[in-house]
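Each chain, letter by letter, is given below.
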Amino acid sequence: MDTTLALVIAVVAIALIFDFTNGFHDAANAIATCVSTRSMRPKSALLMAAIMNIIGAMLGTGVAQTIGNGIIDISHFTDSTLEADRQHGLVIILAALVGAIIWNIITWYFGLPSSSSHALIGGMAGVGLAAAITVQWMGIVSHVLIPMVISPLLGFFTAYFVMRFLLSALQNASYHRTMNNFRFMQRFSAAAMALGHGLQDAQKTMGIITMALLAAGYHATDADGSMQIPLWVKLAAAGAISLGTYFGGGRIMHTLGSKVIDVTPAHGFVAETTSATILYLTAFVWQAPISTTQSVSSAIMGVGATKRLSAVRWGVAGNIAIAWVLTLPGAGLIGALSYFLVHAIFPY
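The name an unreviewed UniProt entry assigns to the protein chain is Inorganic phosphate transporter, from the organism Varibaculum cambriense. Per its UniProt entry, the protein chain bears the Subcellular location (unreviewed entry) comment "Membrane".

Structure follows, in structure tokens:
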């Protein structure tokens, strides 16, 4: 087997492993609150989330385009006819994936709901710097950093005001009947959240695999330079993230579902609906690869703050925020180190 083909196989395999770890790392995002409020049983919730992940992954490619074209510039390698250049491009992509996976495992071990999206982007940027290729900082600022700041703020304040409105509108309603109604509606809001998770997170893996196919010369861009995602790549990414979702998520589910606030069905419904809406808007309108973790965590904090500020366990929330801040540079550092390691294994 020649080195280029071996690298392509390695990138595809590790990208799908990353997608799987993304699923078990982020499974809690969609179902933590509906499980903690007993709207759904854990196994049923995980199965529902896995199915909705598959459907969501097939609904668009805007985020995949951003990952494939907007973070690092590998056009030198995709346009080159030299085998060494193609292999170098594949080494860069492989190292970025390794960096993201290692960061996911570290934060999963400690039960911190950090962003798999930002882990991948940080890994790509770190490898780009280590390999001395063009890192598209303007694209990172406009499609990563600005959404990283805006989406959790939007999630917090939207969830806060919607929850306040519901509390005012339903203050004379029967508490138990109202909670039972919200517990039923949570099944739909959790499904919407899982759909958004597939729409956002599976597309990132599609983008990275298609980048590898372009670098190896096994795929070509359209005449206008846009990147088409092969159907088998969509299906593979959707399947991997859904399997990861089904088999994982317990540690982080506990953090989101009980450690941040004591969640009621009404809180869960509002948090999930708010987060799902943000995921859809950023994927279809902004084409920004935002963090599902950040959107749902901030929405949970927002609904919790309607009780009283002290209802949110700000120490836990602070640990989550630290994980958010550290993800880009942390995954970038690991990605840079991975580049030198992968380069030593696959000298081109």
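### Considerations on the packing of aromatic side chains
Counting across every chain of the model gives 5 aromatic pairs. Ring geometry for Phe 184 versus Phe 188: centroids 5.5 Å apart, planes at 70°, classification edge-to-face. You can see Phe 184 and its partner Phe 188 sitting in helix α8 (residues 175-216), 4 residues apart, about one turn around the helix. A residue is classified by how much of its surface remains accessible, and Phe 188, at 55% relative accessible area, is exposed.

### A closer look at the side chain of Ser 242
On the secondary structure map, Ser 242 appears in helix α9 (residues 231-247). What Ser 242 contacts, discounting residues up to four positions off in sequence, is Ala 50, Asn 53 and Ile 54.

### Let's talk about the UniProt feature "transmembrane region" (unreviewed entry) in the protein chain
When the UniProt feature table is mapped to this numbering, "transmembrane region" (unreviewed entry) covers residues 6-24, 45-68, 88-112, 119-138, 144-167 and 316-342. Structurally, residues 6-24 is divided into 100% helix and 0% strand, and its ends, taken at the C-alpha atoms, are 27 Å apart. End C-alpha to end C-alpha, residues 45-68 measures 32 Å, and it is 83% helix and 0% strand.

### A look at the packing of helix α2 (residues 42-57) against α9
At their nearest, the axes of α2 and α9 sit 8 Å apart, and the two run at 165° to each other. The pairing of α2 with α9 is recorded here as roughly antiparallel in orientation. Where α2 crosses over α9, the two elements pack in a sense that is right-handed. Mapping the contact onto sequence places Lys 43, Leu 46, Leu 47, Ala 49, Ala 50, Asn 53, Ile 54 and Ala 57 in α2 and Ala 238, Ile 241, Ser 242, Thr 245 and Tyr 246 in α9. Among the residues making up the contact of α2 with α9, the classes are represented as 9 nonpolar, 3 polar and 1 charged.

### A word on unusual backbone geometry
Phi at Ala 132 takes a positive value of approximately 60°, unusual for a residue other than glycine. Within the element layout of this structure, Ala 132 appears in the loop between α6 (116-130) and α7 (137-169). Overall, the relative accessible area of 68% leaves Ala 132 in the exposed class. If you check the backbone angles, Gln 287 has positive phi at about 55° while not being a glycine. Relative to the helices and strands, Gln 287 is located in the loop between α11 (265-286) and α12 (292-304). Judged by its relative accessible area of 36%, Gln 287 falls in the partly exposed class.

### What to know about the nonpolar core
Among the nonpolar cores identified, the biggest contains 57 residues, and Ile 72, Met 124 and Ile 208 are the most heavily contacted of them. Taken together, the elements giving at least two residues each to this core come down to α1 (3-36), α3 (62-69), α5 (83-109), α6, α7, α8, α9 and α13 (314-345). If you tally residues by element for this core, the top one is α5, at 11 residues. When near neighbours in sequence (up to four residues on either side) are disregarded, Ile 208 contacts Ala 15, Ile 67, Ile 93, Leu 97, Leu 120 and Met 124. In this structure, Met 179, Phe 182, Ala 288 and Val 303 belong to the second largest nonpolar core, which totals 17 residues.

### Focus on the confidence of the model for the protein chain
Considering every residue of the protein chain, the mean pLDDT works out to 83; 87% of them sit at 70 or more. pLDDT under 50 marks residues 256-261. Its contacts with residues more than four places away, or in other chains, come to 29 contacts.

Rules and cut-offs
Residues numbered from 1 in each chain as written. Predicted model: local features only at pLDDT ≥ 70, side-chain atom pairs only at ≥ 80, totals over all residues. Heavy atoms only, no water. UniProt positions renumbered as here; feature names shortened; annotations may be inferred. Phe/Tyr/Trp six-rings, centres within 6.5 Å; stacked < 30°, edge-to-face > 60°. Helix = DSSP H or I, 4+ residues; strand = E, 2+ residues; numbered from the N terminus. Buried < 20%, exposed > 50% of the residue type's maximum accessible area, 1.4 Å probe, protein only. Contact = heavy atoms within 4.5 Å. Axes fitted to C-alpha atoms, helices over the stretch in contact; angles between N-to-C directions. Parallel < 35°, antiparallel > 145°, perpendicular 65-115°, else oblique. Left-handed = near helix turned anticlockwise from the far one by under 90°. Nonpolar A, V, L, I, M, F, W, Y, C, P; charged D, E, K, R; others polar. Core = buried A, V, L, I, M, F, W, Y, C linked by side-chain atoms within 4.5 Å. pLDDT = per-residue confidence, 0-100.

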